[in-house]
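# Structure at a glance
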Amino acid sequence: MDIYAKLKELNINLPPVAVPAAAYVPFVRTGNLVFLSGHLAKQDGKVWVGQFGKNISTADGKAAAHAVAVDLLGTLHAAVGDLNKITRIVKVMSLVNSTPDFTEQHLVTNGASELLAAVFGPAVGAHARSAFGVAQIPMGACVEIELIAEVG
C-alpha cells in the first residue's frame with residue numbers, strides 16, 4: 001500500500017513542519033527511531049484552545065486529535081523523506097487539557113490513533129499509547145500529542 005495514495009484517498013494534504021515555539025527541534029532521529037516533539041491541536045491555522053470538562057466536547061476533542069495526527073504526519077514526512085519507509089508507529093503520547101473530573105482522555109486520543117491506523121494499516125499503524133489528563137497545555141491548547149516511529 002502506498003501511503004501517499006492512502007492520504008489522497010483520505011483527502012489529507014501534509015502540512016509543512018511547524019516552527020518550534022520554544023527551545024527544541026521538531027524531531028530527532030536516532031538509529032531507526034524518529035521521535036516527534038509534541039504538536040498542539042490547531043483549528044483554522046490557530047491553536048485550538050479549550051479544556052475538556054469545561055468548554056469543549058469529547059467529539060470536538062477527537063477532531064482536534066485527528067488534526068494533530070495530520071500535523072504529525074507532515075513532520076514525520078519531513079523527518080524521513082518518504083512515509084512508505086515507516087515500518088511501525090511505535091508509541092503515541094497524548095496530553096489532554098482537562099478538568100479534574102473529565103475522564104475521556106482515551107476517547108479524545110482515539111482521533112489520532114484511528115487516523116494513524118487508517119493511513120498505515122493495522123500492521124504498521126497499531127501502536128502503544130498513553131493518554132493523560134493535564135491541568136494546562138502551552139497556549140491553552142486542548143490537545144498535545146507526540147509520536148515515536150520506526151523507519152526501515
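This write-up is about the structure you can find in this document. (Residues numbered from 1 in each chain as written. Predicted model: local features only at pLDDT ≥ 70, side-chain atom pairs only at ≥ 80, totals over all residues. Heavy atoms only, no water.)

### Describing the pattern of salt bridges
Side chains bearing opposite charge may pair, as long as their charged atoms lie close to each other. Enumeration over the complete set of coordinates arrives at two salt bridges. Between Lys6 and Glu9 there is a salt bridge, with its nearest N and O atoms 3.1 Å apart. Here Lys6 pairs with Glu9, and both are found in helix H1 (residues 3-9), just three residues apart, close to one helical turn. Looking at Lys6, the relative accessible area reads 19%, which means it is buried. (Salt bridge = Lys/Arg side-chain N within 4 Å of Asp/Glu carboxyl O. Helix = DSSP H or I, 4+ residues; strand = E, 2+ residues; numbered from the N terminus. Buried < 20%, exposed > 50% of the residue type's maximum accessible area, 1.4 Å probe, protein only.)

### Some points on the packing of helix H2 (residues 58-80) against helix H3 (residues 105-120)
For the pair H2 and H3, interaxial distance at closest approach is 6 Å and the crossing angle is 45 degrees. Between H2 and H3, the angle is such that the two are oblique. Taken as a pair, H2 and H3 cross one another with a handedness that is right-handed. On H3, the residues that touch Thr58, Gly61, Lys62, Ala65, His66, Ala69, Val70, Leu73 and Leu76 of H2 are Leu107, Val108, Thr109, Asn110, Gly111, Ala112, Glu114, Leu115, Leu116, Val119 and Phe120. Here the contact of H2 with H3 is composed, by residue class, of twelve nonpolar, six polar and two charged. (Axes fitted to C-alpha atoms, helices over the stretch in contact; angles between N-to-C directions. Parallel < 35°, antiparallel > 145°, perpendicular 65-115°, else oblique. Left-handed = near helix turned anticlockwise from the far one by under 90°. Contact = heavy atoms within 4.5 Å. Nonpolar A, V, L, I, M, F, W, Y, C, P; charged D, E, K, R; others polar.)

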